[in-house]
Amino acid sequence: MLVIITYDVNTETAAGKKRLRRVAKECLNYGQRVQNSVFECNLDAAKCRQVKAILEDIIDKEKDSLRFYYLGNNYKGKVEHIGSKEGYDVTDPLIV
């Protein structure tokens, strides 16, 4: 299923900047960055629970926020892109 993960991390302190880098790095392990704090991730239910738990452990719940949008398996008609940085379909084969 396609899951959109967004986050807002308070970066007023050095600890906040470190949390921001950790959250971004962890999200890169699960999907593609489509905007600065927005990732598209193609996950099964187990992976989704896994990344959610990891990110919850990283953030400061008093200062930061996470949002998960569950678009399901039939997401292609629900996502519209306008402008630069066209993404790729995470379900397509990757040829290196």
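Above this note sits the structure.
A short tour of the structure in this document, coming up. (Residues numbered from 1 in each chain as written. Predicted model: local features only at pLDDT ≥ 70, side-chain atom pairs only at ≥ 80, totals over all residues. Heavy atoms only, no water.)

**A closer look at the packing of helix α1 (residues 14-28) against helix α2 (residues 45-58)**
Argument step 1. Contact geometry of α1 with α2 gives a least axis separation of 10 Å together with a crossing angle of 170 degrees. When the axis of α1 is compared with that of α2, the two are roughly antiparallel. When α1 is examined against α2, the residues R19, R22, V23, E26 and C27 are found in contact with a partner set consisting of I54, L55 and I58.
Argument step 2. Counted by class, the contact of α1 with α2 contains 5 nonpolar, no polar and 3 charged residues. (Axes fitted to C-alpha atoms, helices over the stretch in contact; angles between N-to-C directions. Helix = DSSP H or I, 4+ residues; strand = E, 2+ residues; numbered from the N terminus. Parallel < 35°, antiparallel > 145°, perpendicular 65-115°, else oblique. Contact = heavy atoms within 4.5 Å. Nonpolar A, V, L, I, M, F, W, Y, C, P; charged D, E, K, R; others polar.)

**Notes on the sheet that holds strand β3 (residues 38-42)**
Argument step 1. The strand order across the open sheet built from 4 strands is β2-β3-β1-β4, with neighbouring strands paired in antiparallel fashion. Taken across any chain shown, the strands that pair with only one partner, and hence form the sheet edges, are β2 (31-35) and β4 (65-72). For this sheet, the mean angle separating the axes of adjacent strands, direction not counted, is 25 degrees.
Argument step 2. In terms of strand pairing, β2 meets β3 through 4 bridges, oriented antiparallel. (Pairing = 2+ DSSP bridges.)

**With respect to the pattern of salt bridges**
Argument step 1. Throughout the structure, instances matching the rule amount to 2 salt bridges.
Argument step 2. D64 is the partner of R19 in a salt bridge, and the nearest nitrogen-oxygen pair spans 2.6 Å. Of this pair, R19 sits in helix α1 while D64 sits in the loop between α2 and β4; the two residues are 45 residues apart in sequence, bridging distant segments of the chain.
Argument step 3. In this structure, K61 and E56 form a salt bridge, with 3.3 Å as the shortest nitrogen-oxygen distance.
Argument step 4. Judged by relative accessible area, which is 56%, K61 ranks as exposed.
Argument step 5. Judged by its relative accessible area of 31%, E56 falls in the partly exposed class. (Salt bridge = Lys/Arg side-chain N within 4 Å of Asp/Glu carboxyl O. Buried < 20%, exposed > 50% of the residue type's maximum accessible area, 1.4 Å probe, protein only.)

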